[in-house]
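What follows is the residue order along each chain.
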Amino acid sequence: MSRRADKRKKTAPAGAGAAPCTVTVCRGCCCGTPKIPGVDHAAQLAALRRTVPDGAQVRVTGCLDACEQANVVVVQPSAAGRAAGGRPVWLGLVNDEDAVQDIADWIEAGGPGLAEPPGVLDLYAFSPSRRVRAELPDG
């Protein structure tokens, strides 16, 4: 295989690899509950599922133990994004309808490792403890 073919394989779009981006949505003890008022949590999850590009997965998990950041969403890179150095990005306080579209747009552009997130998502990003990160499936 030529070097050129190798380069194309590493920079393929998010939906083009064996493993696409995954969006993990916390719906534990605080996230997705009335403890976070003013958010239609069911609509938020439905919007994520509707707006992420084909091939990307949205999954719901129990408590990610980052309750002070509720609602928590973790964007995990595609296989190509991980090969390019991308790592899971934890987003907290995702309680704004526009954040869902920003997440979907980022995944459409390639997600972690392949595209920079929309600037506003930097405001949502946080680093959980190593213990918490280790508890995320496939994290």
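Summary of the structure given here. (Residues numbered from 1 in each chain as written. Predicted model: local features only at pLDDT ≥ 70, side-chain atom pairs only at ≥ 80, totals over all residues. Heavy atoms only, no water.)

For the rest of this paragraph, the subject is unusual backbone geometry. Here the amide bond leading from A70 into N71 is cis, since omega sits at 0°, within 30 degrees of zero. Relative to the assigned elements, N71 resides in the loop between β2 (57-61) and β3 (73-76). In this model, L93 sits at a positive phi of 60°, which is unusual for a non-glycine residue. Within the element layout of this structure, L93 appears in the loop between β4 (89-91) and α4 (97-109). (Helix = DSSP H or I, 4+ residues; strand = E, 2+ residues; numbered from the N terminus.)

As a further point, take helix α2 (residues 41-51). Residues of α2 that are buried: H41, Q44, L45, A47 and L48. Along the long axis of α2, the arc covered by the buried residues comes to 160°, so they all point the same way. The exposed residues of α2 that point more than 90 degrees off its buried face are A42 and R50. Tucked inside the fold, the buried residues of α2 contact β1 (22-26), β2 and α4. (Buried < 20%, exposed > 50% of the residue type's maximum accessible area, 1.4 Å probe, protein only. Arc of directions from axis to C-beta. Contact = heavy atoms within 4.5 Å.)

A few words now on the layout of surface pockets. Here the largest pocket defines a volume of roughly 160 Å³. Lining the largest pocket, in full, are G38, V39, D40, A43, Q44, A47, N95, D96, E97 and V100. Secondary structure elements with two or more residues in the lining of the largest pocket: α2 and α4. Sort the elements by how many residues they give to the lining of the largest pocket and α2 lands first, with three residues. Classifying every residue of the lining of the largest pocket by side-chain character gives four nonpolar, three polar and three charged. (1 Å grid on protein atoms, 1.4 Å probe; cavity = no way out; pocket = protein on both sides within 12 Å on 5 of 7 lines; lining within 4 Å. Points joined across faces, edges and corners; volume = space filled by probe spheres on them. Nonpolar A, V, L, I, M, F, W, Y, C, P; charged D, E, K, R; others polar.)

Moving on: the pairing of β2. Note: β1 against β2, five bridges, orientation parallel. Directly across from C26, in β2, lies its bridge partner T61. Crossover handedness for the path β1 to α2 to β2: right-handed. (Pairing = 2+ DSSP bridges. Right-handed = clockwise from strand over helix to strand, strands pointing away.)

Throughout the structure, instances matching the rule amount to one cavity of 30 Å³ or more. Taken as a whole, the largest cavity spans an internal volume of roughly 30 Å³. Lining the largest cavity are C26, C30, C31, C63, L64, D65, A66, C67 and V72. For the lining of the largest cavity, the per-class residue count stands at eight nonpolar, no polar and one charged.

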